Every structure is written in structure tokens, then in C-alpha cells.
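So you can see what is in the structure, the chains are spelled out below.
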Amino acid sequence: MNNQPRTYALLSVGELLVDFIGHELTDSLLDAQDFRRIQGGSPANMAANMARLGHRTALVSCVGNDNLGTFLTEAVAEAGVDTQYVIRDELQPTSLVVVSRTKATPDFIAYRQADRCLQPGHLPDELLRQAQLFHTTCFALSQEPAQETIVDAARRACAAGCQVSIDANYAPSIWPDRAAARRILQRYCSARALVKLSEDDAARLYGEPQEPERIIGDFHEMGAGLVCLTLGAEGSIVSADEGRQLIRVPGRRIEVIDATGAGDAYWAGFLTAWLDGRAPDVCARAGAALAEQKLTRRGALPTGLDKQLLYV
């Protein structure tokens with residue numbers, strides 16, 4: 001990683017939106033009746049989680065010039081994230097996602113509006129030079145103009161010495177064209193990206209379950225320097241140094257209260273350990289430790305997290 005002092009540990013780019021999450025545990029939205037409004041969006045959650053761990057983070061996103069946009073910006077700021085780069089779009093309303101509360105992969109429906117409206121001017125080179133990590137998601141990359149804006153910004157961030165990261169949280173309901181998704185992912189990952197994805201993400205990207213070796217190998221062929229494949233209760237596989245170092249980290253059995261946001265917690269813990277210069281297996285265990293904190297509670301992680309909980 002680049003050791004030059006920079007303003008932000010993480011510059012997170014992409015969707016900031018309202019999640020209407022089912023109040024009771026259900027298997028799908030068909031059975032969900034009551035919903036709670038919370039701040040959502042994986043890049044926003046990543047920035048907030050890392051801020052809770054003591055990092056300085058910033059979010060680049062687009063919301064509507066409406067009361068939901070105000071709610072979201074205030075919620076992220078309360079978590080300690082710099083929101084000066086959150087844009088208020090005058091024409092498009094704030095994006096919404098309706099999500100089931102579940103112990104497994106949530107069922108969701110997205111109503112896309114302002115989140116996809118990021119423009120090149122929202123990510124100037126001066127801002128990219130201030131960050132150690134540049135992070136985004138498949139959700140953010142799935143529609144224009146945000147797609148080309150983010151891919152180009154990642155290229156410029158890499159050239160500026162910033163490490164590129166992605167949660168490859170592919171979903172066909174968001175991005176129906178798998179072939180196009182693979183092409184964009186290859187462009188994004190070509191700068192030795194740090195990649196995180198789950199078995200479920202991979203199955204959706206390929207259209208069917210695949211062996212871990214193929215998933216990891218394909219992402220390294222795209223140019224990823226490190227690939228972390230999470231396996232739920234079975235733990236994770238981390239392939240580092242462009243595939244020359246393979247580590248399996250077993251999971252442990254816990255009582256899951258709520259799986260929503262667990263992936264964002266995992267990657268925040270992983271990247272925090274990475275910023276601390278820890279080995280890939282320690283990073284994976286750090287990610288699992290923070291994910292466990294999220295899985296065993298409802299709602300967001302608390303503020304003022306002790307970073308040492310990652311290394312117990």
C-alpha cells in the first residue's frame with residue numbers, strides 16, 4: 001500500500017439510498033408486512049463502518065434534493081463520514097430499496113433514481129490523491145452515467161497511488177446483462193484491485209454455483225491483486241499476491257440475528273487490518289470478527305468501535 005500521508009483512509013463511491021427493511025424475519029418480501037426506514041447503500045455503510053473504527057472516510061454519492069436525501073446525508077454524517085462530496089440532484093429523487101429481514105441473503109427490490117447520476121466532475125483528481133483506498137460496488141457500476149464515471153475514476157485513482165477496492169455484490173435484478181457486468185468488472189479490477197465477493201454473489205454472476213478455484217482464478221485474470229471469497233458459516237478463502245498465496249480461514253458457529261449489512265462489516269474489518277499492514281489471514285479474521293458483531297445485532301454497528309476487537 002502507499003505510505004504517503006493522505007487525508008482519507010477510504011474514499012467510498014456509489015449508492016447512498018433509503019432501505020425500507022422488513023421489521024420481522026421472513027423468507028422473502030412476499031411475507032414482509034411492516035418496514036423500517038434506515039440509511040442504506042453499501043458504499044455508505046463501508047464508509048460509516050470504517051469511520052466507527054477510527055478512520056477518516058469520505059463518501060461520494062448522489063441523492064435527490066428532497067427530505068429523504070437530507071435524512072441520508074445527516075445519518076452518514078452522524079456516523080463520522082465526511083459528506084461534503086454527497087451531491088444533491090435537482091431532477092432525480094433519492095433512490096429506494098425494499099429489503100427483507102433474514103438470516104440468509106436478503107430479498108430486495110431497488111427503485112433507482114439519483115444514485116446513478118454521478119458525473120466525472122464529482123471525482124476530481126485532487127480528491128483521488130487524498131485517499132488511500134478507493135472503494136465501490138457492482139450496484140454502483142451497474143448503470144450509466146455512474147458506471148463510466150467510477151471506472152474512469154478508479155483508473156485515475158490507481159495512477160495517483162490509491163489502492164482500488166470493490167465489493168463484487170452482483171445481482172441480476174440490478175444488472176441483467178452478465179456479460180456486460182464481467183466486462184466492466186474486468187476494466188475495474190485491472191488495476192490490481194482488492195476484491196470481495198460471496199458465494200451467492202458469484203453464483204448470481206455466473207448464473208449457477210461455481211468452484212472457488214474458478215471464481216478466484218477468473219478475478220485474478222481480470223487483474224485483481226487479491227480476491228476474498230466469503231463462504232458464510234464456512235469462513236472464507238483469500239487469494240493474495242495475484243494468486244500465489246492461498247489462505248483458507250474457517251468460520252465459527254454463531255447465532256445470527258440479522259444478516260443485513262454483514263458483508264459491509266466484513267470488508268470494513270478486512271480493509272482496516274490491510275491498512276494496518278496485517279497479513280491476509282489476519283485481515284480475513286479481522287473481517288470475520290466485525291461481521292460477527294453485525295450478525296449478532298439488529299441495526300447498525302455502534303459508534304466508537306475499539307479496533308482491537310478485530311484482532312482478538
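Everything that follows concerns the structure shown earlier in this document.
In this text, all values refer to a predicted model and were calculated from it rather than measured experimentally.

(A) A look at the packing of helix H1 (residues 42–52) against helix H9 (residues 262–275). The N-to-C vectors of H1 and H9 enclose an angle of 50 degrees; their axes lie 9 Å apart at closest approach. With respect to H9, the axis of H1 lies oblique. Judged by the twist between their axes, the crossing of H1 over H9 is right-handed. Across from Ser42, Asn45, Met46, Asn49 and Met50 in H1, the residues of H9 making contact are Asp264, Ala265, Trp267, Ala268, Leu271, Thr272 and Leu275. Considered class by class, the residues forming the contact of H1 with H9 number 7 nonpolar, 4 polar and 1 charged.

(B) Fine view of the packing of aromatic side chains. Scanning the entire structure with this criterion turns up 4 aromatic pairs. The interplanar angle of 40 degrees and the centroid separation of 6.4 Å between the aromatic rings of tyrosine 170 and tryptophan 175 together place this pair among those described as tilted. Taken individually, tyrosine 170 and tryptophan 175 each receive the classification buried, so the pair is uniform in this respect. Taken together, the aromatic side chains of Tyr266, Trp267 and Phe270 make up a single cluster linked through ring pairs. Lying across the ring of phenylalanine 71, arginine 37 places its NZ or CZ 3.8 Å from the centre. Across from the ring centre of tyrosine 311, 3.8 Å away, lies the NZ or CZ of arginine 278, which sits over that ring.

(C) The side chain of serine 95, seen in detail. Relative to the elements of secondary structure, serine 95 occurs in the loop between strand S5 (86–89) and strand S6 (96–101). Residue classification places serine 95 among the buried residues on the basis of a relative accessible area of 1%. At 2.6 Å, the side chain of serine 95 and the side chain of aspartate 115 are in polar contact. Non-local contacts of serine 95, meaning those with residues more than four positions away in its chain, are made with Leu17, Val18, Tyr111, Arg112, Gln113, Ala114 and Asp115.

(D) Region of interest: the pattern of salt bridges. Inspection of the entire model under this criterion finds 16 salt bridges. For arginine 187, the salt bridge identified is with glutamate 148, shortest N-O distance 2.9 Å. One end of the pair, arginine 187, is in helix H6 (residues 178–189); the other, glutamate 148, is in helix H5 (residues 146–159), with 39 residues separating them in the sequence. The partly exposed category is assigned to glutamate 148, whose relative accessible area is 34%. Via salt bridges that share partners, Asp125, Asp152, Arg155 and Arg156 belong to a single interconnected network.

So, how was this worked out
Residue numbers here run from 1 along each chain, matching the order of that chain's written sequence. Since the coordinates come from a predicted model, pLDDT governs what is reported: local features require at least 70, and pairs of side-chain atoms require 80 or more to be given and counted, while whole-chain, interface and lining totals use all residues. Remark: hydrogens and water are excluded; side-chain values derive from all non-hydrogen atoms of the structure. In this analysis an axis means a line fitted to C-alpha atoms, helices contributing only their contacting stretch, and an angle means the value between N-to-C directions, from 0 to 180 degrees. Going along the chain from the N terminus, every DSSP run of H or I of four or more residues is numbered as a helix, and every run of E of two or more is numbered as a strand. For classification purposes, angles smaller than 35 degrees are called roughly parallel, those larger than 145 roughly antiparallel, those between 65 and 115 roughly perpendicular, and all remaining angles oblique. Each crossing gets its hand from how the near helix is turned against the far one by less than a right angle, where anticlockwise is left-handed and clockwise is right-handed. Note on contacts: a residue pair is in contact if any heavy atoms of the two residues lie within 4.5 Å. When residue character is reported, Ala, Val, Leu, Ile, Met, Phe, Trp, Tyr, Cys and Pro are called nonpolar, Asp, Glu, Lys and Arg charged, and the others, Gly included, polar. A pair of Phe, Tyr and Trp rings is counted when the ring centres sit within 6.5 Å of each other, with Trp represented by its six-membered ring. The angle between the planes then sorts it: under 30 degrees is stacked, over 60 is edge-to-face, the rest tilted. Summary of the burial criterion: residues with accessible area below 20% of their type's maximum are buried, those above 50% are exposed, and those between are partly exposed, where the area comes from a 1.4 Å probe applied to protein chains only. By the criterion adopted, a ring carries a charge over it if an Arg CZ or a Lys NZ lies within 6 Å of its centre and within 35 degrees of its normal. For the purposes of these results, a polar contact is taken to be a pair of N or O atoms within 3.5 Å, where, inside protein, one atom must be able to donate a hydrogen and its partner to accept one; residues adjacent in sequence count only when each atom of the pair is a side-chain atom. Salt bridge, as applied in this entry: a Lys or Arg side-chain nitrogen positioned within 4 Å of an Asp or Glu carboxyl oxygen.

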